[in-house]
Protein chains: 2
Amino acid sequence: MLNYSEIDNILRALVEPTRRAILERLSRGPATVSQLAEPFGMTFAAVLQHLQTLEACELIRSEKIGRVRTCRIEPGGLAPLADWIAERRIPAERQLDRLGQILAETDQSPKKNQDQKQ
Amino acid sequence: MLNYSEIDNILRALVEPTRRAILERLSRGPATVSQLAEPFGMTFAAVLQHLQTLEACELIRSEKIGRVRTCRIEPGGLAPLADWIAERRIPAERQLDRLGQILAETDQSPKKNQDQKQ
């Protein structure tokens, strides 16, 4: 059973390119907030806000040890969206299969007639 | 190779719940613009605008025969986003596998010491 508000939150998080870039970085391994802020030339506060959005919809998790907050990707966090896509793709692919069958049948019909003529 | 502007366009299209609902409807089979407008209580013009957005990023295609425009889902239209998700999930799952291995090794270590003591 798909949770629609969960999918909505994930899409709202992913639509912002910086948050996608953060996820791309974290999918290669954990990073501290400072490490995440550096390549984007963003302030610590701006990155923190993006991280809070990603954490709220369980795409990442973070842990603060002393003064350092380390972030890591949440395995399976993108699963609800992947499931939604899979549900949309499978019927579409079935439609394509049916179209393929119809075309194959159409393609065979004149051939049969031709065979009969010979 | 992932096309980032393509993924961006797909996410901008999907973030709007009505457009997701249209895709959900079309994944069950083709529909005319009037058929799509009806359940949402939307005007023909408003639905057309959403359909144009979906068609621009190749999530659907439409064909006008006479005065009737029929829409269908574009098979593979969601593939770029599915690929982006897969690229994010695989490394995360690898990290989880490595964590599992470390935990398994940690779990074995005291056992080995215990065995040595016996």
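Above this text is the structure in question.
Residues numbered from 1 in each chain as written. Chains lettered and ligands numbered in written order. Predicted model: local features only at pLDDT ≥ 70, side-chain atom pairs only at ≥ 80, totals over all residues. Heavy atoms only, no water.

Colleague: An account of the sheet that holds strand 3 (residues 68-73) of chain B is needed here, citing residue identities and associated values.
Modeller: All names here are of chain B. One open sheet holds the 3 strands; their spatial order is 1-3-2, and the pairing between them is antiparallel. Edge strands, defined here as strands with exactly one partner in the open sheet, are strand 1 (31-32) and strand 2 (60-65). Bridge analysis of strand 1 against strand 3 gives 2 bridges, and the strand direction is antiparallel. Each residue of the ladder has a partner; that of Ala31, found in strand 3, is Cys71. The strands that helix 2 (residues 17-26) touches are strand 1, strand 2 and strand 3; relative to strand 3, the one it contacts most, it runs at about 85°. (Pairing = 2+ DSSP bridges. Helix = DSSP H or I, 4+ residues; strand = E, 2+ residues; numbered from the N terminus. Contact = heavy atoms within 4.5 Å. Axes fitted to C-alpha atoms, helices over the stretch in contact; angles between N-to-C directions.)

Colleague: Got a sec to walk through the packing of helix 3 (residues 33-40) of chain A against helix 4 (residues 44-56) of chain A? Specific residues and values, please.
Modeller: Residue and element names in this part refer to chain A. The contact between helix 3 and helix 4 brings their axes to 9 Å, and the two run at 110°. Classed by the angle they form, the pair helix 3 and helix 4 counts as roughly perpendicular. Across the interface between the two elements, Val33, Ser34, Leu36 and Ala37 from helix 3 touch Phe44, Val47, Leu48 and Leu51 from helix 4. Of the residues contributing to the contact of helix 3 with helix 4, the split by class is 7 nonpolar, 1 polar and no charged. (Parallel < 35°, antiparallel > 145°, perpendicular 65-115°, else oblique. Nonpolar A, V, L, I, M, F, W, Y, C, P; charged D, E, K, R; others polar.)

Colleague: Tell me about the sheet that holds strand 1 (residues 31-32) of chain A, and please be specific about residues and values.
Modeller: All names here are of chain A. The 3 strands are arranged 1-3-2 in an open sheet whose pairing can be described as antiparallel. Since the sheet does not close on itself, it has two edges, and those belong to strand 1 and strand 2 (60-65), each with one partner. With 6 bridges joining them, strand 2 and strand 3 (residues 68-73) adopt antiparallel strand pairing. The residue bridging Ile60 from the neighbouring strand is Ile73, located in strand 3. Contacts between helix 2 (residues 17-26) and the sheet are confined to strand 1, strand 2 and strand 3, with strand 3 contributing the most and set at about 85° to the helix.

Colleague: Could you give an account of the nonpolar core, with specific residues and numbers?
Modeller: Counting 51 residues, the largest nonpolar core has Leu14, Leu59 and Leu81 of chain A together with Leu14, Leu59 and Leu81 of chain B as the members making the most contacts within it. Discounting chain neighbours no more than four positions away, the residues touching Leu14 of chain A are Arg20, Leu23, Leu59, Leu78 and Leu81 of chain A together with Leu11 and Trp84 of chain B. (Core = buried A, V, L, I, M, F, W, Y, C linked by side-chain atoms within 4.5 Å. Buried < 20%, exposed > 50% of the residue type's maximum accessible area, 1.4 Å probe, protein only.)

Colleague: Requested: an account of the pattern of salt bridges, with residues and values cited.
Modeller: Using the criterion set out here, one finds 8 salt bridges over all chains in the structure. For the salt bridge of Arg20 of chain A with Asp8 of chain B, the shortest nitrogen-to-oxygen distance reads 2.7 Å. Placement of Arg20 of chain A in helix 2 and of Asp8 of chain B in helix 1 (residues 4-14) is noted, with the two residues assigned to different chains. Accessibility expressed as a relative area gives 5% for Arg20 of chain A, which makes it buried. Residue class for Asp8 of chain B comes out buried when judged on its relative accessible area of 13%. One salt bridge in this structure joins Arg88 of chain B and Glu87 of chain B, with 3.9 Å as the shortest N-O distance. (Salt bridge = Lys/Arg side-chain N within 4 Å of Asp/Glu carboxyl O.)

Colleague: Residue-level account of helix 4 of chain A, with values.
Modeller: All names here are of chain A. If you check helix 4, its first and last C-alpha atoms are 18 Å apart, about what 13 residues at 1.5 Å a residue would give, namely 18 Å. If you follow the buried residues of helix 4, they end up packed against helix 1 (4-14), helix 2, helix 3, strand 2 and strand 3. Downstream of helix 4 by one or two residues, Glu58 has phi in the positive range, about 55°. (Expected span 1.5 Å × (residues − 1).)

Colleague: Explain helix 3 (residues 33-40) of chain B to me, and be specific about the residues and the numbers.
Modeller: Residue and element names in this part refer to chain B. Those residues of helix 3 that sit buried are Val33, Leu36 and Ala37. The buried side chains of helix 3 occupy one side of the element, clustering within an arc of 95° when seen end-on. Exposed and facing more than 90 degrees away from the buried side of helix 3 are Glu38 and Pro39. For helix 3, the secondary structure elements touched by its buried residues are helix 2, strand 1, helix 4 (44-56) and strand 3. Following helix 3 by one or two positions, Gly41 adopts a phi angle in the positive range, close to 60°. (Arc of directions from axis to C-beta.)

Colleague: For the interface of chain B and chain A, give the residues involved together with the corresponding values.
Modeller: Note on interface size: it is often stated as the accessible area lost on association of the parts. Taken together, the contacts link 30 residues of chain B with 31 residues of chain A. Surface buried jointly by chain B and chain A totals about 2,800 Å² across both partners, of which 67% is contributed by carbon and sulfur atoms. At the junction of chain B and chain A, the tally comes to 2 salt bridges. Our count for the chain B to chain A interface comes out at 6 residue pairs in polar contact (both at pLDDT 80 or more). Those elements that provide at least two residues to the side of chain B that touches chain A are helix 1, helix 2 and helix 5 (79-117) of chain B. A per-element tally of the side of chain B that touches chain A places helix 5 of chain B first, with 11 residues. Among the residues forming the side of chain B that touches chain A, the class breakdown is 20 nonpolar, 3 polar and 7 charged. (Buried area = accessible area lost by both parts, 1.4 Å probe. Polar contact = N/O pair within 3.5 Å; in protein donor to acceptor, adjacent residues only side chain to side chain.)

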